[in-house]
Amino acid sequence: MTSVGIDAVEVWTGKLKLDLPNTFAPQKGDDPEKYTKGLGLEASSFPDTYEDIVTMGANAAKRLMDRKGLTPADIGRIDVATESAFDNSKPVSTYVAGCLEQVYDGDFHHANKGERKFACVAGTQSIDDAYNWIAAGRNRGLAALVIATDTALYARDSSGEATQGAGAVAMLIDEDPNLVELSHEQGYGSADETDFLKPQQQFPSVDGKRSMQVYLARMREAVEDLEAQLDEPLHPEDFVYVPFHTPFPGMVRKAGLLGYRHILRDTDIEDEVAEEIGRQPREESFDDRESYEEAIQSYMDELKRTEQYRSWYDATIEPTLNISRQVGNWYTGSVHIARASALQAAAEAGRALTGERMLVASYGSGAQAEVHAETVCDGWREEIGALTIDEQLQRRYDLSFEEYERVHDAHNHDLDTEVEEFTQPSGEFVHAGWGRMNERKYEYVE
Ligand code: COA
């Protein structure tokens, strides 16, 4: 079978930063450690007044095309995944293509364009669509551009305000990829859930605690489904990294522990751990579900303190969280920055990764989890070394609380507020106004 996967990745962060422990927490009367220790967040990225999902997506895509020496003639498909779309009919990918056509020779008239929606899992679904298009041989030798772009803003003074963020990830999906090859097998966990939704409204209705439970339940189903596809259980040492969808690192701390307990079962490592804390409870040994769940909870409390778990978590999960801590939730892009973060950490540590496997675990509210394996390819170090995310993070404008409130209002579709930009655009697409049919207009600023 043809090898298909992610050939290259580029990231664009919103150009503003809200420092959560130092700027946000004091204004909310919160202990800063709720953010740093509880949620695992240092800062959220926000879009400047001239940025939106189109500019961030187009800017990430341009960076990717420039670096790979691509022109529109090399791209047969543009899919944008977002849960922040501002139009129910015209897809964001048409706006992105329009931006890119301003700066490249040629056009995307023969590229199939679309927009994918299923909360945060849509970015992974778009990669899937591109994979299937290539694997089916319908790509005419061309590559697909997948862009995950979101402004994850919540209503002011709501609990979701703690986990906001904004940014875009552009990925080139192609044959014989340089970065990672995708596995054919996938696991799904999907159910009609009401945990997070935006019924014709800009800011989400969210039941935060419920969304965390649903994340874990669907993720577990997806892992079981993958194991069924593979016809064998997963083992903790199968994967060098496990990038999860990361609405905030504290969520991944919970998912990591649950996942470890699941894949530990009946392994040599469970035997080792059993010497210290006993074997994990099996449901069949309990009379009812409630007493089984109580026993599992106390087993997990002990498991998370074991040396085996701590070293697995530090090696396999912790490196996936570095970027997320600094940017917050990017919805559709979030699991893709987790992958980038892990590979960046490996490159910095000088690790040899070619041929190693990662387990990528995506989730979207509403709700669906998807897990699949990826094999790291030969060119990973060069591809990941080209990322400029660290410089972008350092260059962000650090908002005061009052400036944060103004910029939040500037992006609120129901308000008509004029707010001066905080940074100067240079070498990037900007939102430049509105057209006669209320369409957004974009231009490239040299
Ligand atoms: N020191 C250390 N930890 C602290 C702390 C302190 N001073 N204060 C609070 N915490 C911990 C809490 O115990 C909690 O951790 P736990 O879940 O392990 O118990 C965590 O910090 C968050 O505190 P909490 O009081 O639950 O925060 P919140 O009421 O503001 O809600 C979310 C947090 C994530 C539920 C909320 O921001 C939200 O709804 N976000 C959007 C939805 C979302 O992202 N869902 C995830 C699935 S996609």
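Scroll up to find the structure.
Here we summarise the structure given alongside this text. (Residues numbered from 1 in each chain as written. Predicted model: local features only at pLDDT ≥ 70, side-chain atom pairs only at ≥ 80, totals over all residues. Heavy atoms only, no water.)

**Quick notes on the site of the ligand**
Point 1. The environment of the ligand is made up of 18 residues, and the closest members are D31, K34, K209, S211 and K254.
Point 2. Here S159 contributes a backbone N or O atom positioned 2.9 Å from an oxygen atom of the ligand.
Point 3. The contact in question runs from a nitrogen atom of the ligand to an N or O atom on the side chain of T163, over 3.1 Å.
Point 4. Per-element tally for the shell around the ligand: the top contributor is helix α2 (residues 32–39), with five residues.
Point 5. By residue class, the composition of the shell around the ligand is six nonpolar, six polar and six charged. (Near = heavy atom within 4 Å. Polar contact = N/O pair within 3.5 Å; in protein donor to acceptor, adjacent residues only side chain to side chain. Helix = DSSP H or I, 4+ residues; strand = E, 2+ residues; numbered from the N terminus. Nonpolar A, V, L, I, M, F, W, Y, C, P; charged D, E, K, R; others polar.)

**Focus on helix α9 (residues 289–303)**
Point 1. Along its 15 residues, α9 runs 20 Å from first to last C-alpha, staying within 8% of the 21 Å computed at 1.5 Å per residue.
Point 2. Three or more residues of α9 are buried, namely Y292, A295, I296, Y299, M300 and L303. One side of α9 holds all its buried residues, which, seen down the axis, span an arc of 140°. Residues of α9 that are exposed and point over 90 degrees away from its buried face: E290 and E294.
Point 3. On the buried face of α9, the contacting elements are α7 (249–264), α8 (268–277) and α10 (307–316).
Point 4. Measuring from the backbone nitrogen of E290 back to the side-chain oxygen at the start of α9 gives 3.1 Å, which picks out D288 as the cap. (Expected span 1.5 Å × (residues − 1). Buried < 20%, exposed > 50% of the residue type's maximum accessible area, 1.4 Å probe, protein only. Arc of directions from axis to C-beta. Contact = heavy atoms within 4.5 Å.)

**What to know about the sheet that holds strand β13 (residues 397–398)**
Point 1. One open sheet holds the three strands; their spatial order is β3-β2-β13, and the pairing between them is mixed. Both edges of this open sheet fall to β3 (43–46) and β13, since each of them pairs with a single strand only.
Point 2. Sheet analysis places strand β2 (residues 16–19) next to β3, joined by four bridges and oriented antiparallel. Opposite L16, over in β3, you have F46 as the bridge partner.
Point 3. Running over the sheet, helix α1 (residues 20–28) touches β2 and β3 and is turned about 65° from β2. (Pairing = 2+ DSSP bridges. Axes fitted to C-alpha atoms, helices over the stretch in contact; angles between N-to-C directions.)

**Digging into the pattern of salt bridges**
Point 1. In total, this model carries 31 salt bridges according to the counting rule given.
Point 2. Across the salt bridge formed by D409 and R156, the nearest N and O atoms sit 2.6 Å from each other. One end of the pair, D409, is in helix α15 (residues 401–411); the other, R156, is in the loop between β6 (143–152) and β7 (165–175), with 253 residues separating them in the sequence.
Point 3. Here D409 falls in the partly exposed class, since its relative accessible area comes to 22%. (Salt bridge = Lys/Arg side-chain N within 4 Å of Asp/Glu carboxyl O.)

**Topic: the nonpolar core**
Point 1. Counting 59 residues, the largest nonpolar core has Y215, M219, F244, L303 and I317 as its most contacted members.
Point 2. Among the nonpolar cores identified, the runner-up in size contains 36 residues, and V11, Y131, M171 and V327 belong to it. (Core = buried A, V, L, I, M, F, W, Y, C linked by side-chain atoms within 4.5 Å.)

**Brief notes about the side chain of H372**
Point 1. Mapped onto the elements of the fold, H372 is located in strand β12 (residues 368–376).
Point 2. In this structure H372 comes out as buried when scored by relative accessible area, which is 6%.
Point 3. Side chain to side chain, H372 and E370 meet in a polar contact 2.9 Å long.
Point 4. With sequence-adjacent residues up to four places away left out, H372 is seen in contact with T124, L182, S183, E185, Q186, M358, L359 and V360.

**What to know about the pairing of strand β1 (residues 4–13)**
Point 1. Most of β1 is tucked away, with 10 of its 10 residues classed as buried.
Point 2. Examined bridge by bridge, β1 and β7 share nine bridges and lie antiparallel to one another. Counted as the bridge partner of V4 is E175 from β7.
Point 3. Where β1 meets strand β8 (residues 180–190), two bridges bridge the pair, whose relative direction is antiparallel. In the sheet register, I6 faces β8, and the bridge partner there is V180.

**A short note on the packing of aromatic side chains**
Point 1. Under the counting rule described, the total for this entry stands at 18 aromatic pairs.
Point 2. Ring geometry for F46 and Y404: centres 5.4 Å apart, planes at 65°, overall edge-to-face. Of the two residues, F46 is situated in strand β3 and Y404 in helix α15; the sequence distance between them amounts to 358 residues. Like Y404, F46 is buried.
Point 3. Every member of this aromatic cluster is reached through a ring pair, and the members are F24, Y35, F46, F401 and Y404.
Point 4. Directly above the aromatic system of Y95 lies the positively charged group of K90, at a separation of 4.5 Å from the ring centroid.
Point 5. The residue whose ring lies beneath R440 is F86, and the NZ or CZ to ring-centre distance is 4.0 Å. (Phe/Tyr/Trp six-rings, centres within 6.5 Å; stacked < 30°, edge-to-face > 60°. Lys NZ or Arg CZ within 6 Å of the ring centre and 35° of its normal.)

**Details of the sheet that holds β7**
Point 1. As summarised here, the arrangement of the eight strands in space is β5-β4-β6-β7-β1-β8-β12-β11, forming an open sheet in which the pairing is mixed. Bordering the open sheet on either side are β5 (112–116) and β11 (357–364), each of which pairs with just one other strand. The average undirected angle you get between the axes of adjacent strands in this sheet is 25°.
Point 2. Pairing analysis gives five bridges linking strand β4 (residues 75–81) to β5, with the strands arranged parallel. What sits directly across from I78, in β5, is K113.

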